[in-house]
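Take a look at the letters that make up each chain.
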Amino acid sequence: MAEAMMKKTTAHGSHHGHGGHGHDHHDHHEQEEMKTFGFWLFLISDVILFGVLFATFIVLRNNTAAGPTGGELIEMTGIIISTFILLTSSFTSGIALLEMNKGNKKGLIFWLAVTALLGASFIYLEVTEFLHLVHEGATIGTSAYWSAFFTLVGTHGLHVSVGLVWMTALIIQLSRRGITTVTKRKVNIVSLYWHFLDVIWIFVFTIVYLMGVM
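Thresholds, definitions, all that
Residues numbered from 1 in each chain as written. Predicted model: local features only at pLDDT ≥ 70, side-chain atom pairs only at ≥ 80, totals over all residues. Heavy atoms only, no water. Helix = DSSP H or I, 4+ residues; strand = E, 2+ residues; numbered from the N terminus. Buried < 20%, exposed > 50% of the residue type's maximum accessible area, 1.4 Å probe, protein only. Areas by Shrake-Rupley, 256 points an atom, 1.4 Å probe, with all protein chains shown as cover. Expected span 1.5 Å × (residues − 1). Bend = angle between axes of the 7 residues up to and from the residue. Phe/Tyr/Trp six-rings, centres within 6.5 Å; stacked < 30°, edge-to-face > 60°. Salt bridge = Lys/Arg side-chain N within 4 Å of Asp/Glu carboxyl O. Core = buried A, V, L, I, M, F, W, Y, C linked by side-chain atoms within 4.5 Å. pLDDT = per-residue confidence, 0-100. Contact = heavy atoms within 4.5 Å. Axes fitted to C-alpha atoms, helices over the stretch in contact; angles between N-to-C directions. Parallel < 35°, antiparallel > 145°, perpendicular 65-115°, else oblique. Left-handed = near helix turned anticlockwise from the far one by under 90°. Nonpolar A, V, L, I, M, F, W, Y, C, P; charged D, E, K, R; others polar.

## A few points about the overall build of the chain
Counting secondary structure elements, the chain contains 6 helices and 0 strands. Reading the secondary structure of the chain in the N-to-C direction produces α-α-α-α-α-α. Residue burial in the chain is summarised as follows: out of 214 residues, 39% are buried. A total accessible area of about 12200 Å² is found for the chain, and carbon and sulfur atoms account for 69% of it.

If you want it as structure tokens, here you go:
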């Protein structure tokens, strides 16, 4: 009888332990979902931020204080090259996602690295453009137009720089831990963030450069 009771206790303990494991897995899944939801809230706040910056630029686009205009100083060749680079990086980030879904760690890391490299090239060209404008006498304090221009374009550039740091940290994490539930969620989020920045840039390119310069 004592042996039967011991077996029952062991079976109960084993069942309880298995249930606990399932509960932990469920909690982990919920945490991942909450983090993704938190990122969506951040993205919504970013949409509002850029909406305000675009509205400000549109209102102030003619307020040049009799100083230089965008049409006089901005070189469109560099902007078109920058746009091509950033749109290509969106494509490579999509390939990285496909490699992740295949379970190909090396392919995922490679295409994330290519995306980061393209993003760094975009930032390099943007900094070069800003230095050229400053050299030509257009700074953030020159007029309301240039204040709005530097704030809008610079905020987008800052977001791209944050994305680059984030992507580099993720590449290091992937090389150490491989493709896990956590790293999968992070890759999905960084890819979504990158596509969002591409969409914002299309608006910048259209409103600031095509409509404002050309």
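After that view, the rundown keeps rolling.
## Regarding helix α6 (residues 181–211)
Taking 1.5 Å per residue as the helical rise, α6 with its 31 residues ought to reach 45 Å, and the 44 Å between its terminal C-alpha atoms agrees with that figure. Within α6, the axis deviates most sharply at Phe205, by approximately 25°.

## Some details on the environment of Ala66
Within the secondary structure, Ala66 sits in the loop between α1 (2–60) and α2 (70–73). Taking the relative accessible area as the measure of exposure, Ala66 reaches 84% and is therefore exposed.

## What about the packing of aromatic side chains?
Counted by the stated rule, this structure contains 19 aromatic pairs. Centroid distance Phe122 to Trp201: 4.9 Å. Interplanar angle 85°. Geometry classified as edge-to-face. Here the residue Phe122 occupies a position in helix α4 (residues 105–135), and Trp201 occupies one in helix α6, the gap between them amounting to 79 residues. Residue Phe122 shares its accessibility class with Trp201, and that shared class is buried. Aromatic side chains Phe149 and Phe150 sit 5.4 Å apart centroid to centroid with 85° between the ring planes, which places their arrangement in the edge-to-face category.

## Remarks on unusual backbone geometry
Here Ala65, not a glycine, exhibits a phi torsion of approximately 55°, which is positive. Note that Ala65 resides in the loop between α1 and α2. The class of Ala65 is exposed, set by a relative accessible area of 63%. Here Ala66, not a glycine, exhibits a phi torsion of approximately 60°, which is positive.

## Details of the pattern of salt bridges
Counted under the stated rule, the structure contains 1 salt bridge. Here Lys102 ties to Glu99 by a salt bridge, and the two come within 3.7 Å at their closest N and O atoms. Of the two residues, Lys102 and Glu99 both sit in helix α3 (residues 76–102), 3 residues apart, roughly one turn of that helix. Judged by relative accessible area, which is 64%, Lys102 ranks as exposed. Since its relative accessible area comes to 12%, Glu99 is described here as buried.

## Observations concerning the nonpolar core
By size, the foremost hydrophobic cluster in this structure holds 53 residues, and its most contacted members are Ile74, Trp146, Phe149, Trp201, Val204 and Tyr209. Looking at this core, the elements that each hand over two or more residues are α1, α3, α4, α5 (144–177) and α6. In terms of residue count, the dominant contributor to this core is α6 (14 residues).

## Comments concerning the confidence of the model for the chain
Mean pLDDT over the chain stands at 88; residues scoring 70 or higher make up 86%. Of all helices and strands in the chain, the one with the weakest mean pLDDT is α1 (73), whereas α4 scores best (97). In this model, residues 5–17 is a region of pLDDT below 50 whose contacts with residues beyond four sequence positions or in other chains number 0 contacts.

## Remarks on the packing of α5 against α6
The contact between α5 and α6 brings their axes to 10 Å, and the two run at 160°. Considering the angle they form, α5 stands roughly antiparallel to α6. Crossing angle aside, the handedness with which α5 passes α6 is left-handed. Each residue belonging to the contact of α5 with α6 can be placed in one class, and the counts come to 21 nonpolar, 5 polar and 1 charged.

## Some points on the side chain of Gln173
By the secondary structure assignment, Gln173 is in helix α5. The class for Gln173 is buried, based on a relative accessible area of 15%.

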